[in-house]
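# Breakdown of the fold
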Amino acid sequence: MTTIPVVYVKGQYNHLIARRLQELGVDSRLMPPSTPPEKFEQMGADALVMGGGPQSVRSLDSLTDELRDASNLMTRIKLPMLCICVTHQLMATTFGGMTNLARKPEFGPVEISVSDEDSILSGLKPSFTAWESHNDEIVAAPPGFRVLASSDNCMVQAMKNEKTNMFGVQFHPEVSHTTRGADVFRNFLRAVDDHRRA
Amino acid sequence: MTVEGFRPSSYLASETARLQETIGNGKAIAAVSGGVDSTVAALVAKRALGDRLFPVFIDTGFLRVGEPESVKARLGEPSLGLKVKLVRAGRRFLDATKGERGAEEKRKEFRETFYRVLGEEARKDGCDFVVQGTIAPDWIETQGGIKTQHNILEQVGIDPLAAYGFKVVEPVSELYKDQVRVLGRYLDVPRDMSDRQPFPGPGLLVRCIGIVSKKKLDLLKSSTKIVEEKLGPFSYDQYLAGVIENRLTEEQVYKNMGGTVAEALGLPASETRVDVFEDRVTGVKGDTRCYGRLAGIRIQEESRETYGWLPEKLRLAQSSIVEKFSDITRVAVMVKEKRGGPPLSVIIRAISTRDFMTAAVAQVPWKILKDIAESILKTGDSSRVYYDITPKPPATIEFE
């Protein structure tokens, strides 16, 4: 069985991530970001998913304890990782990109245009509707990351780092109104499998 | 509906065992409301405790017409076998919330009164435990600071034993609504009850926007009855009414909203108008509670007839408003107005959702909305009827 803990950063939908993964046959439960990296190894984690939360991550100097821990996990853990909403932004901040106040925030349904459908957005071209809730956005993707999808208001809706198997999405694949959300998780599971075999 | 990965039989087995261990030979009160969560929680506890469980229904006064009596009768049917004690406490709840305008203050006063009354009942029956139907979204929203759900204590650092004299047990607190429904059907809860639309613990209090008054509450009760009757035959997941006073704000920040709306609707500015209400409503933007304002769009009657419902364009107008004006969490469109009526508005809301964590606006046919509005205005207790066109997020399902 594949084991994928969800790093709980106090977002409303974090529990839904674990639920969606369980529905796909994955062993998944919430773990706090303060969990030591060794612990994830001991439990045989194959990957990590990090959820959204109410915090802002425009600067690494003013992170909450939780997000500082989450940022540390990103740099220390060498497993495939899918980061959603605020942790997608945190990934940008952590690896040298930039997050700022969105010119136009997005709440509710948003049309996502897919530019690169390999890996996590496989089968989702040309576009799909996803649900969002964010005031901040990534304004510059970090070096080594490729942008996979955008929306009218937000440039980096999804990104990936080929080398490290890190993925980020601004939208919420875990909420039921993102009807293609399960495809995103399924695609991520495929990437996790590939990583395990390699 | 399938709920993958959830097995009611094994959940029930482990949960009854856990309850037996926690409560031992003790007795417990079950706080029931007639809703699926508390009914299922009480039935799970009954399996564990048998006659040592005492179901109690508190009439808070914020209930729908005839609700206390009908719930007592339903739960007492042989298939469920919950013998419910009815506690009338409407006066106490009304006094406790009197004069409070803020949604959180109202919710906290409600919670305080609710648990005091429960504590008194527990003492009368010699119970050390209270069983309640808290489910996952309740504590997620409270913990995340979105809103204070009335049934959340321990998760926000309130020790119920010290504060009210009992311990709390929550047999379904890890489940979502759809899972509770599956468990309910497994426990033989009749389908009309297991699939009943949710009704919040604080009831009509959180739909009576701003200060509570008898006049508003009466209008809310009659409007709720009309909305439930007319929308009941459709399969919307939740449908309700709210009441707000027609006190409008003239703040400068909202000045350009009319232009934003006209542009989104593709109508000349002269054919639309936007009012922003003074009283605040609850929303959630970027995972953060946003206690903001309600914008009411009015489209000239003749243009409305020409263009019809305009669902796509209204959706665009709604999202343009909440994007541009950070203080606005909700947008409604006026269905009908009666000039010269009392300065109160009724807001109709209907949504579709699976787990109540996100919600889409239901596209109720315009003709039906108009029909509901006419029935509501006919009672003579209000002057405007709106339809809420905001998804969750950025709004929440309930108004406060």
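This structure is a prediction, so every number in the text was calculated from the model and none was measured.

### Points about the interface of chain B and chain A
Tallying the contact residues gives 23 residues for chain B and 23 residues for chain A. Only helix H6 (136-143), strand S7 (272-285) and helix H13 (311-324) of chain B provide two or more residues apiece to the side of chain B that touches chain A. Class assignment for the residues of the side of chain B that touches chain A results in 10 nonpolar, six polar and seven charged.

### Quick notes on unusual backbone geometry
Here B:Lys392 and B:Pro393 are connected by a cis peptide whose omega angle stands at -15°. Secondary-structure assignment places B:Pro393 in the segment after strand S12 (384-388). Note that the residue after B:Pro393, namely B:Pro394, is joined by a cis bond; omega there is 10°. Along the polypeptide, B:Pro394 turns up in the segment after S12. Although it is not a glycine, A:Asn165 sits at a positive phi angle of roughly 60°. Relative to the helices and strands, A:Asn165 resides in the loop between strand S8 (158-161) and strand S9 (166-169). In this structure, B:Asp188 is a non-glycine residue whose phi angle is positive, near 65°. With respect to the secondary-structure elements, B:Asp188 resides in the loop between helix H8 (177-186) and helix H9 (191-194).

### Describing the packing of helix H11 (residues 257-265) of chain B against H13(B)
All names here are of chain B. One can describe the packing of H11 onto H13 by two numbers: an axis separation of 8 Å at closest approach and a directional angle of 150°. Here H11 runs over H13; the crossing is right-handed. Contacts between H11 and H13 involve Met-257, Thr-260, Val-261, Ala-264 and Leu-265 on the former and, on the latter, Lys-313, Leu-316, Ala-317, Ser-320, Ile-321 and Lys-324. Partitioning the contact of H11 with H13 into residue classes produces seven nonpolar, two polar and two charged.

### Some details on the domain arrangement of chain B
All names here are of chain B. Once the domains are mapped, chain B shows domain 1 (8-194) and domain 2 (208-388). Taken residue by residue, the interface counts 15 residues in domain 1 and 16 residues in domain 2. Its residues assigned to classes, the side of domain 1 that touches domain 2 comprises five nonpolar, four polar and six charged.

### Observations concerning helix H4 (residues 90-97) of chain B
One full turn of an α-helix is made of 3.6 residues, so residues set three or four places apart face in the same direction. Residue and element names in this part refer to chain B. All buried positions along H4 are accounted for by Phe-93, Ala-96 and Thr-97. Viewed along the axis of H4, the buried residues span an arc of 85°, placing them on a single side of the element. Every exposed residue of H4 that faces more than 90 degrees away from the buried side is listed here: Arg-91 and Asp-95. Positive backbone phi, approximately 80°, marks Gly-99, located one or two places after H4.

### Things to note about the nonpolar core
Counting 180 residues, the largest nonpolar core has B:Ala28, B:Ile29, B:Ala30, B:Ala45 and B:Ile348 as its most contacted members. Considering each element in turn, this core owes the most residues, nine residues, to helix H2 (residues 36-49) of chain B.

### Brief notes about the pairing of strand S2 (residues 53-59) of chain B
All names here are of chain B. Of all seven residues in S2, six are buried; the element is thus mostly enclosed. In the sheet, strand S1 (residues 28-31) pairs with S2 via four bridges, with the strands oriented parallel. When the sheet's bridge partners are listed, Ile-29 is paired in S2 with Phe-54. Taken together, S1, H2 and S2 constitute a β-α-β crossover, and its handedness is right-handed. In this sheet, strand S3 (residues 85-88) lies alongside S2 in parallel orientation, the contact comprising four bridges. Within S3, the residue paired with Ile-58 across the bridge is Val-87.

### Side note on the sheet that holds strand S1 (residues 6-7) of chain A
In spatial order, the strands read S2-S1-S3-S4-S9-S8-S7-S5-S6 (chain A); together these nine strands make up an open sheet with mixed pairing. Only two strands of the sheet have a single partner each, and these edge strands are strand S2 (30-31) and strand S6 (127-140) of chain A.

### Here's the deal with the environment of B:Glu245
Along the chain, B:Glu245 turns up in strand S6 (residues 238-245). Those residues in contact with B:Glu245 that lie beyond four places of it in its chain are B:Gly210, B:Asp279, B:Pro343 and B:Leu344.

So, how was this worked out
Residues numbered from 1 in each chain as written. Chains lettered and ligands numbered in written order. Predicted model: local features only at pLDDT ≥ 70, side-chain atom pairs only at ≥ 80, totals over all residues. Contact = placed C-beta atoms within 7 Å. Helix = DSSP H or I, 4+ residues; strand = E, 2+ residues; numbered from the N terminus. Nonpolar A, V, L, I, M, F, W, Y, C, P; charged D, E, K, R; others polar. Axes fitted to C-alpha atoms, helices over the stretch in contact; angles between N-to-C directions. Left-handed = near helix turned anticlockwise from the far one by under 90°. Domains from an automatic or database assignment. Buried ≥ 20, exposed ≤ 12 C-beta atoms within 10 Å, placed from the backbone. Arc of directions from axis to C-beta. Core = buried A, V, L, I, M, F, W, Y, C linked by C-beta atoms within 7 Å. Pairing = 2+ DSSP bridges. Right-handed = clockwise from strand over helix to strand, strands pointing away.

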